[in-house]
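Commentary on secondary and tertiary structure
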Amino acid sequence: MAIALPAALFVAMVATAFLSGIFGMAGGLVLMGILLALLPLPAAMVLHAVTQMASNGWRAWLWRRHIRWSTAGWYVSGCLATLGAWTLVSYVPDKPVAMLLLGVTPFMVRAIPERFMPAALTRVQTVASGVVCMSLLLLTGVTGPLLDTLFLRTGMDRRDIVATKAFCQIFGHLLKLVYFGALIEQAGALDPVLAGLGIAASLIGTSLGKTVLDRLSDAQFRRWSNHIITLICAYFIGHGLLLLAAGAGYV
């Protein structure tokens, strides 16, 4: 393996973990886009799962006192039910489909009228969120934008959001690793060098991001989170459309 690729990925993984360490999101979305551009989809999913489990695991530990355990438990139950259903299908999307889905889902959530999106998630809504988010995780590798949008509509403060979402994401990425690393026919291989670099980068970036999060107000956290989600998702929509056009021979 040429040294340039691992070095570039290490820098990207530190930077994206730093972004996630601040906002509890966005970093995994950016990293997924980078991995999809450089690796086959199953391999990208597997490496992304390992790095995100490390990043979210460390973030959940750092903010463990703020985890809303009831919310996390109901969410994980929805994820488990979804994995069981998806093993019957073993579907792997094309890259353009994955890119477009990465981009459009937060805008779809924002389009839902406020009266249908209560500020406090009930148990049924939390399980349903786990089902939908886990499905998106297996389609695109990332569920952050959708989960971020849902959590930002709750009454949790920034620490509760980051901690609870990190715990939820550990299990989501673990199940994604099981699906793409073992259950589907074209299972992705895990390069041990890249995996080790990803774990180290996740710990470094997440720790650095915590110091910035401590200095943000809840209003700043929510405002910047929404802006970042919008910019990143707009990019993925454009990139997905370009991939579709290229596949159809239009570019």
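Residues numbered from 1 in each chain as written. Predicted model: local features only at pLDDT ≥ 70, side-chain atom pairs only at ≥ 80, totals over all residues. Heavy atoms only, no water.

**With respect to the environment of leucine 138**
How we decide: Each helix is a run of H or I in the DSSP string that is no shorter than four residues. Each strand is a run of E no shorter than two, and both are numbered from the N terminus. Contact criterion: two residues are considered in contact whenever any of their non-hydrogen atoms come within 4.5 Å of each other.
If you trace the backbone, leucine 138 turns up in helix α6 (residues 123-140). The sequence separation of leucine 138 and alanine 98 amounts to 40 residues, and the corresponding C-alpha distance is 9.5 Å. Leaving out residues up to four positions away in the same chain, leucine 138 has contacts with Met45, Trp86, Pro93, Lys176, Tyr179 and Phe180.

**Quick look at helix α3 (residues 41-62)**
Note the threshold: In this analysis, the expected span of each helix is defined as 1.5 Å times one less than the number of residues it contains. For each residue, the accessible area found with a 1.4 Å probe, counting protein chains only, is set against the maximum for its type, and the residue is called buried under 20%, exposed over 50%, and partly exposed in between.
For α3, built from 22 residues, the straight-helix expectation of 32 Å at 1.5 Å per residue is met to within 8% by its first-to-last C-alpha distance of 31 Å. Here α3 lies mainly inside the structure; 17 of its 22 residues are buried.

**As for the packing of α3 against helix α9 (residues 192-213)**
Defined as follows: Structural elements are reduced to axes, namely lines fitted to C-alpha atoms, with helices fitted over the stretch in contact, and the angle between N-to-C directions of any two is expressed from 0 to 180 degrees. Two helices that cross are described as forming a left-handed crossing if the nearer one is turned anticlockwise from the farther one by less than a right angle, and a right-handed crossing if clockwise. We call Asp, Glu, Lys and Arg charged. Ala, Val, Leu, Ile, Met, Phe, Trp, Tyr, Cys and Pro are nonpolar, and the rest, Gly among them, are polar.
Contact geometry for α3 and α9: axes closest at 8 Å, N-to-C directions at 30°. Pair α3 / α9 crosses with right-handed handedness. Listed contacts from α9 to Leu47, Val50, Thr51, Ala54, Ser55, Trp58, Arg59 and Leu62 of α3 are Leu194, Ala195, Gly198, Ile199, Ser202, Leu203, Thr206, Ser207 and Lys210. Here the contact of α3 with α9 is composed, by residue class, of nine nonpolar, six polar and two charged.

**Description of empty space enclosed by the protein**
As a reminder, the rule being used: A cavity here means a set of 1 Å grid points, computed over protein atoms only, where a 1.4 Å probe fits but cannot escape. A pocket is an open set with protein on both sides within 12 Å along at least 5 of 7 lines, and lining residues have an atom within 4 Å of a point. Grid points are joined across faces, edges and corners, and a volume is the space filled by probe spheres set on the points.
Applying the stated criterion across every chain, the model contains four cavities of 30 Å³ or more. The computed volume of the second largest cavity comes to approximately 40 Å³. Met13, Thr16, Ala17, Leu31 and Gln52 are, among the eleven residues lining the second largest cavity, the residues nearest its centre. Every element with two or more residues in the lining of the second largest cavity is listed here: α1 (4-23), α2 (27-38) and α3. With four residues, α1 is the largest single contributor of residues to the lining of the second largest cavity. Of the residues contributing to the lining of the second largest cavity, the split by class is three nonpolar, eight polar and no charged.

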